[in-house]
Amino acid sequence: MIKKPDIFIIFNNYPLVIIYLIKLFYKGKLIYHNFDHEPFSKKKIIKILNFIEKQVIQDLDKVIFSNQKRADLLKKIIRKKVNIDIVYNCLPINFFKKKNNFNKIKNINIFRIGSIGPGHGLMSLIKSFKYLPDNYNLIICGIIVDKNFHKNLLNIINKNKIKKKINIFISVPQKVWMQKMINSDLGVAFYEPVNTSHRHMVGASQKINSYLAAGLPIILSNEKQFKLFSKKYGCSVNTDINNPKEIAKKIKHTISNKLIFNRLKIKSELAFKSQFNFEKQINKIEYYS
């Protein structure tokens, strides 16, 4: 005999297309967890999914978003009373079993994880290494989402003669990027405000939350949401992500000033332990017995 689960968790809005079909055969609790929210997309499929989301959201037992402003925006758009819990996209306390201290070798490793495509300040980040010393390396781990964009990145690397400084790893296993992350000195999380999700990333950003789990200082854009984050948690510095020289200046200043670097690192670990970990976030959710 197969026992039916007590809870059915739906991740993102694609499965909502068949939510009423699910309800015909399933009488347990339905939890909807939306990772990304783009209510103003012009893509037809996204418009259809957003419409379905509006129609079925009150038939769900619990709705979870990873950013408060995204949740507030949804409530404003659907004009319905709906309770939304905010749970950040965080890693468990013991995800990184061992964390390295400040890089004791001569090379300085700057780490960036995530999709390789537009909207993440990657071109400016790569160009910034033209203005950094030879012992500064950029490590990028991710999946190519735009082949032409990736090709342009390679052209920029060759044109600026910084091939020895830039290391791009495509679709690497988890244990590989984990090791490279904890062996790094600084994490980079740039978001251009090109869509709703990027304009409301604090708590939702897996880049930022992963760096916090690894105990890394972080360099962010100077957009308001990230300035407020830096002010509140003290684990990051902000820069103009459209200005390669400014990016290089902030990276070098953060790394070379041991007092600043160590303070950022301590604050990063504190932010992770006190707020940005899975155990802390999951406790926000009522347990269904």
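Reading guide: rules and limits
Residues numbered from 1 in each chain as written. Predicted model: local features only at pLDDT ≥ 70, side-chain atom pairs only at ≥ 80, totals over all residues. Heavy atoms only, no water. Pairing = 2+ DSSP bridges. Helix = DSSP H or I, 4+ residues; strand = E, 2+ residues; numbered from the N terminus. Axes fitted to C-alpha atoms, helices over the stretch in contact; angles between N-to-C directions. Contact = heavy atoms within 4.5 Å. Buried < 20%, exposed > 50% of the residue type's maximum accessible area, 1.4 Å probe, protein only. Polar contact = N/O pair within 3.5 Å; in protein donor to acceptor, adjacent residues only side chain to side chain.

Right, let's talk about the sheet that holds strand β6 (residues 136-142) for a bit. With parallel pairing, six strands are arranged side by side in an open sheet as β7-β6-β5-β8-β9-β10. Of all the strands in the sheet, the pair left with one neighbour each is β7 (166-170) and β10 (236-239). Taken over all neighbouring pairs, the strand axes of this sheet differ in orientation by 25 degrees on average, direction set aside. As paired elements, β6 and β7 share five bridges and run parallel to each other. The partner of isoleucine 140 across the bridge, within β7, is isoleucine 168. Helix α9 (residues 224-233) contacts β9 (218-221) and β10 of the sheet and is inclined by roughly 150 degrees relative to β10.

We now examine the side chain of serine 236. Along the chain, the position of serine 236 falls in strand β10. A relative accessible area of 7% means that serine 236 is categorised as buried. At 2.6 Å, the side chain of serine 236 forms a polar contact with the side chain of serine 230. Excluding residues within four positions of it along the chain, serine 236 makes contact with Ile218, Leu220, Phe229, Ser230 and Leu264.

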